[in-house]
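In case you want the letters, here they are:
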Amino acid sequence: MPPTRPNLQTDDTRVGRTARTGPVRCSLPGPVAVGYGRHVSERAASSRKTHARELFAGLPAAYDRAGAALSFGQDPRWRRAMVTALEAPDGARVLDVAAGTGLVTAALRARYDCEVVALDQSPQMLARATARFAGDPRVRTVLGEAERLPFDDGEFDALTFTYLLRYVDDVPATLRELFRVVRPGGRVASLEFGVPTAPVWRAGWWAVTRTVLPVGGRLISSDWGEVGRFLGPNIEEFARTWPPERLGPAWVDAGMARVVVRPMSFGAGVVMSGARSAGH
Ligand SMILES: C[S@@+](CC[C@H](N)C(=O)[O-])C[C@H]1O[C@@H](n2cnc3c(N)ncnc32)[C@H](O)[C@@H]1O
């Protein structure tokens, strides 16, 4: 199939532009006081955001091993593919958004000659990353939100974000904010969960997310049990609203060029990468 949109390609399929249906928005339960790095503000947190904060508060202790086990070892492989797709230049200053316990940050430090700022909104997840990199002067951890990055325009040579977009209310606005802090020509790579499109793999994916994940999660802890129940339906909702055919053009609209979409494990993971266009 020929490309229907400039600057956008996938490894397996070329994707075109589809109609916008708009991001899913959630009700606002009321204002909360939050203080993140240089940004301290009083504002309303959506139920989606509140849920993300609560969800990750109980996960750091088992996160690194549980994530790999519940994905049958696929998740570390996808993360490595994303880090490779970043193609960060030597000496790069990289921002790792939704860094969690620091698995992507660690892969970046192992793969590239770079310094990394690891940012996450969960104090509990980030505490693990801070401990992990205590002896590494080229890593700094920052408590903050993807929607309001405490950085200047074009401050970074490269940026990664992982499993983030299912937790934000406004995907296009968050993409614009992420790309804002990358210099023109700078590289961006991301990893999100997806849903396989081929019927046989889709059926297998459905069976695993509705049986293995909830049961396996419960065996680890009650917090992981909730994650196991939540993930399948949540990934499906995101994949319905933001399939790669729509997310790719959203990257281009938000200021990226040479966007590549790479489905992993028959589409259960999606690695995207691109370069910040000079015109933005
Ligand atoms: C599944 S974890 C991924 C962690 C890590 N990147 C990895 O690959 O293992 C998702 C992370 O996104 C963070 N997160 C969710 N929404 C966020 C937001 N709006 N801003 C910053 N971090 C966010 C969560 O706190 C959590 O640590």
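Residues numbered from 1 in each chain as written. Predicted model: local features only at pLDDT ≥ 70, side-chain atom pairs only at ≥ 80, totals over all residues. Heavy atoms only, no water.

Caption draft 1: The arrangement of the nonpolar core in detail. Residues L86, V94 and L108 are the most contacted members of the largest nonpolar core, which totals 43 residues. If you tally residues by element for this core, the top one is helix α3 (residues 74-86), at six residues. Sequence-distant contacts of L86, defined by excluding residues within four places in its chain, comprise V94, L108, Y112, A158, L159, T160, R187, V188 and A189. By size, the runner-up hydrophobic cluster in this structure holds 34 residues, among which are V117, L119, V259 and V270. (Core = buried A, V, L, I, M, F, W, Y, C linked by side-chain atoms within 4.5 Å. Buried < 20%, exposed > 50% of the residue type's maximum accessible area, 1.4 Å probe, protein only. Helix = DSSP H or I, 4+ residues; strand = E, 2+ residues; numbered from the N terminus. Contact = heavy atoms within 4.5 Å.)

Caption draft 2: Up close: helix α9 (residues 244-253). Here α9 lies mainly inside the structure; seven of its 10 residues are buried. Listed in full, the buried residues belonging to α9 are R246, L247, G248, P249, A250, W251 and V252. Following α9 by one or two positions, G255 has its phi on the positive side, about 115 degrees.

Caption draft 3: Quick look at the packing of α3 against helix α4 (residues 103-111). α4 packs onto α3 with a crossing angle of 50 degrees between their chain directions and a minimal axis gap of 10 Å. Considering their axes alone, α3 and α4 lie oblique with respect to each other. Our pair here, α3 against α4, has a crossing hand that is right-handed. On α4, the residues touching R79, M82, V83, T84 and L86 of α3 are L103, V104, A107, L108 and R111. A breakdown of the residues in the contact of α3 with α4 according to their chemical character gives seven nonpolar, one polar and two charged. (Axes fitted to C-alpha atoms, helices over the stretch in contact; angles between N-to-C directions. Parallel < 35°, antiparallel > 145°, perpendicular 65-115°, else oblique. Left-handed = near helix turned anticlockwise from the far one by under 90°. Nonpolar A, V, L, I, M, F, W, Y, C, P; charged D, E, K, R; others polar.)

Caption draft 4: Spotlight on the site of the ligand. Of all residues adjacent to the ligand, which total 21 residues, the nearest are Y63, R79, A98, D120 and E147. For the ligand, a nitrogen atom lies 3.0 Å from a polar atom in the side chain of K49. Out of a free accessible area of 590 Å², the ligand has 98% covered by protein chains. Among the secondary structure elements, those contributing two or more residues to the shell around the ligand are α1 (47-57) and α4. Looking at the shell around the ligand residue by residue, the class counts come to 11 nonpolar, five polar and five charged. (Near = heavy atom within 4 Å. Polar contact = N/O pair within 3.5 Å; in protein donor to acceptor, adjacent residues only side chain to side chain. Areas by Shrake-Rupley, 256 points an atom, 1.4 Å probe, with all protein chains shown as cover.)

Caption draft 5: Just α1, in detail. Along α1, the residues classified as buried are R48, K49, A52, R53, L55 and F56. Taken down its axis, α1 places every buried residue within 165 degrees of arc, on the same side. (Arc of directions from axis to C-beta.)

Caption draft 6: Broad picture of the packing of aromatic side chains. Taken as a whole and assessed by the stated rule, the structure comprises seven aromatic pairs. Centroid distance W78 to F193: 6.0 Å. Interplanar angle 75 degrees. Geometry classified as edge-to-face. Of this pair, W78 sits in helix α3 while F193 sits in strand β8 (residues 182-193), placing them 115 residues apart in sequence. Looking at F193, the relative accessible area reads 18%, which means it is buried. Between the aromatic rings of F151 and F156, the centroid separation amounts to 5.0 Å while the plane-to-plane angle is 90 degrees, which identifies the pairing as edge-to-face. With a relative accessible area of 0%, F156 lands in the buried category. An aromatic cluster is built from W78, Y163 and F193, whose rings are joined through pairwise contacts. Over the ring of W242 we find R246; its NZ or CZ atom is 3.8 Å from the centre of that ring. (Phe/Tyr/Trp six-rings, centres within 6.5 Å; stacked < 30°, edge-to-face > 60°. Lys NZ or Arg CZ within 6 Å of the ring centre and 35° of its normal.)

Caption draft 7: A look at a nonpolar patch on the surface. A contiguous nonpolar patch, built from V200, W201 and F266 and spanning about 350 Å² of accessible area, is present on the exposed surface. Relative to the helices and strands, V200 resides in helix α7 (residues 199-220). (Patch = residues over 30% accessible without salt bridge, like charges linked within 9 Å, V, L, I, M, F, W, Y side chains within 5 Å. Salt bridge = Lys/Arg side-chain N within 4 Å of Asp/Glu carboxyl O.)

Caption draft 8: Expanded view of the confidence of the model for the chain. Confidence in the prediction for the chain averages 83 pLDDT; 81% of positions are at 70 or higher. Across residues 1-42, confidence stays below pLDDT 50; counting only partners more than four residues off in sequence or on other chains, it has 102 contacts. (pLDDT = per-residue confidence, 0-100.)

Caption draft 9: Examining unusual backbone geometry more closely. One non-glycine residue, E87, lies in the positive phi region at around 50 degrees. Tracing the chain through its elements places E87 in the loop between α3 and β4 (92-97). Positioned with a positive phi, A98 is a non-glycine residue whose angle comes to about 60 degrees. Inspection of the secondary structure puts A98 in the loop between β4 and α4.

Caption draft 10: Here's a closer look at the pairing of strand β6 (residues 139-143). Two elements, strand β5 (residues 114-120) and β6, share five bridges in a ladder whose sense is parallel. Its bridge partner lying in β6, V116 is registered against V139. For the crossover from β5 across helix α5 (residues 123-132) to β6, the handedness is right-handed. (Pairing = 2+ DSSP bridges. Right-handed = clockwise from strand over helix to strand, strands pointing away.)

Caption draft 11: The pairing of β8, seen in detail. Counting buried residues in β8 gives nine out of 12 residues, a clear majority hidden from the surface. The sheet contact formed by strand β7 (residues 156-162) and β8 spans six bridges and is parallel. Its bridge partner lying in β8, A158 is registered against R187. The parallel pair β7 and β8 is bridged by helix α6 (residues 171-180), and the resulting crossover is right-handed. Taken together, the seven bridges between β8 and strand β10 (residues 269-276) define a ladder with antiparallel strand orientation. Along β10, the bridge assignment pairs L191 with V271.

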